[in-house]
Amino acid sequence: MPKRHIAVIGLGNFGAAVARTLARRGTQVLCVDRDMDKVQAIKDDVTHAVQADATDEQALRAVGMAEADAVVISLGQDIAMSLLAAMVVQELGVPHLVAKAVNPLHARLLSKLGVERVVFPEQDMGRRVADLLLAPRMVDHLELAEGFAIDEIVPPDHFVGRSIRELEVRSRYGVTIVAIRRLHDRPGTPEFQVNPDGDERIRRDDILVVIGATADLEKLR
């Protein structure tokens, strides 16, 4: 399977974090920013980083933006620049476009331009922190769609030592354990079991990856 090629326009805190995370996971990453200092700061961490104007179609075409499988636009508070960049990237024919919005109006305008997904990083992180505070057993939370999510949780005490089959989490709670993350016998080496067998017994230091309706996940927590 060929590596994905993803471009990131705008290297503020959010854009740079996205670019570095993608690169660490083996993705070919092209970064573009008008600020040469930001380009220099990330050039050793990604496949290619260039100084360019995100609203200049010829410049983006020259650096290979049209060949990207997806583009992430993160241009801070500059709404006009963000909208123009989205228009240019659409003209280049990139199949998937994600953009950071700073307010609801910005989000609506991006959507009208055909942006596939609009994100509010600060709001999303705020909700996740609130979820973690309200559910101490939850390690992480990811919303999949309206009313559905994946949680990573510390197993309740009465789960420990019992098998997945014995726990009957699907019939009792309406959720499914899709994976178990645990420490391997070798210290510091994690073990990730996807679709664990029903006879697998839960250990106290396991992290359970559970999918289901948000309301059912809240009951389990």
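The model shown is predicted, which means the values in this text are computed figures rather than measured ones. (Residues numbered from 1 in each chain as written. Predicted model: local features only at pLDDT ≥ 70, side-chain atom pairs only at ≥ 80, totals over all residues. Heavy atoms only, no water.)

### Comments concerning the overall build of the protein chain
Within the protein chain one finds nine helices and 11 strands. Across the 221 residues that make up the protein chain, the buried fraction comes to 38%. Considering only intrachain contacts with a sequence separation of at least 6, the fraction spanning at least 24 residues in the protein chain is 52%. When the accessible surface of the protein chain is split by element, carbon and sulfur atoms take 53% of a total near 12,600 Å². (Helix = DSSP H or I, 4+ residues; strand = E, 2+ residues; numbered from the N terminus. Buried < 20%, exposed > 50% of the residue type's maximum accessible area, 1.4 Å probe, protein only. Contact = heavy atoms within 4.5 Å. Areas by Shrake-Rupley, 256 points an atom, 1.4 Å probe, with all protein chains shown as cover.)

### A closer look at the nonpolar core
Membership of the largest hydrophobic core comes to 28 residues, with the highest contact counts inside it found for I9, V32, L60, M65, V71, I73 and V89. For this core, the secondary-structure elements that each account for two or more residues are β1 (5-9), β2 (28-33), β4 (70-73), α4 (79-91), β5 (96-100) and α5 (104-112). In terms of residues, this core owes the most to one element, α4, which gives six residues. Setting aside its immediate chain neighbours within four residues, L60 contacts I9, V32, D53, A54, M65, V88, V89 and L92. (Core = buried A, V, L, I, M, F, W, Y, C linked by side-chain atoms within 4.5 Å.)

### Details of the packing of α4 against α5
Where α4 contacts α5, the two axes come as close as 10 Å, and the packing angle between them is 15°. The pairing of α4 with α5 is recorded here as roughly parallel in orientation. As for how α4 packs across α5, the hand of that crossing is right-handed. On the side of α4, the interface is formed by I79, S82, L83 and A86, while α5 contributes H106, L109 and L110. Residues of the contact of α4 with α5, tallied by class, amount to five nonpolar, two polar and no charged. (Axes fitted to C-alpha atoms, helices over the stretch in contact; angles between N-to-C directions. Parallel < 35°, antiparallel > 145°, perpendicular 65-115°, else oblique. Left-handed = near helix turned anticlockwise from the far one by under 90°. Nonpolar A, V, L, I, M, F, W, Y, C, P; charged D, E, K, R; others polar.)

### Focus: α4
Taking 1.5 Å as the rise per residue, α4 with 13 residues should run 18 Å; its terminal C-alpha atoms sit 19 Å apart, in good agreement. When α4 is considered as a whole, its buried residues turn out to be M81, S82, L83, A85, A86, V88 and V89. (Expected span 1.5 Å × (residues − 1).)

### With respect to the layout of surface pockets
The volume enclosed by the second largest pocket comes to roughly 220 Å³. Lining of the second largest pocket is provided by 19 residues; of these, G10, L11, D33, S74 and L75 occupy positions nearest its centre. At three residues, the largest contribution of residues to the lining of the second largest pocket is made by helix α1 (residues 13-24). (1 Å grid on protein atoms, 1.4 Å probe; cavity = no way out; pocket = protein on both sides within 12 Å on 5 of 7 lines; lining within 4 Å. Points joined across faces, edges and corners; volume = space filled by probe spheres on them.)

### Let's talk about the environment of Q193
As for its placement among the helices and strands, Q193 is situated in strand β10 (residues 190-194). A residue is classified by how much of its surface remains accessible, and Q193, at 18% relative accessible area, is buried. The spacing of Q193 and R182 is 11 residues in sequence and 8.4 Å in space, taken between C-alpha atoms. Every residue in contact with Q193, bar those within four places of it in the chain, is listed here: V178, A179, I180, R182 and E200.

### Side note on the environment of G12
The residue G12 is located in the loop between β1 and α1 in this model. Each C-alpha atom of the pair G12 and L75 lies 7.3 Å from the other, and the pair is 63 residues apart in sequence.

### As for α1
Spacing of three or four residues puts side chains on the same side of an α-helix, whose turn is 3.6 residues. The end-to-end C-alpha separation of α1 is 17 Å, in line with the 16 Å expected for 12 residues at 1.5 Å each. Looking only at α1, the buried set comprises G15, A16, A19 and L22. Down the axis of α1, the buried set is contained in an arc of 135°. They therefore lie on one face. Counted as exposed and oriented over 90 degrees from the buried face of α1: N13 and R24. Buried residues along α1 sit against β1, β2 and α2 (36-42). A positive phi of about 90° marks G26, the residue just after α1. (Arc of directions from axis to C-beta.)

### A word on the pattern of salt bridges
The tally for this structure, following the rule as stated, stands at 10 salt bridges. The salt bridge involving D206 is made with R182; its shortest N-O contact spans 2.7 Å. Taken together, the residues D206 in the loop between β10 and β11 (207-213) and R182 in strand β9 (residues 176-183) connect sequence positions 24 residues apart. An identical accessibility class is assigned to D206 and R182; each is buried. It is possible to trace a salt-bridge network through shared partners that takes in R182, E200 and D206. (Salt bridge = Lys/Arg side-chain N within 4 Å of Asp/Glu carboxyl O.)

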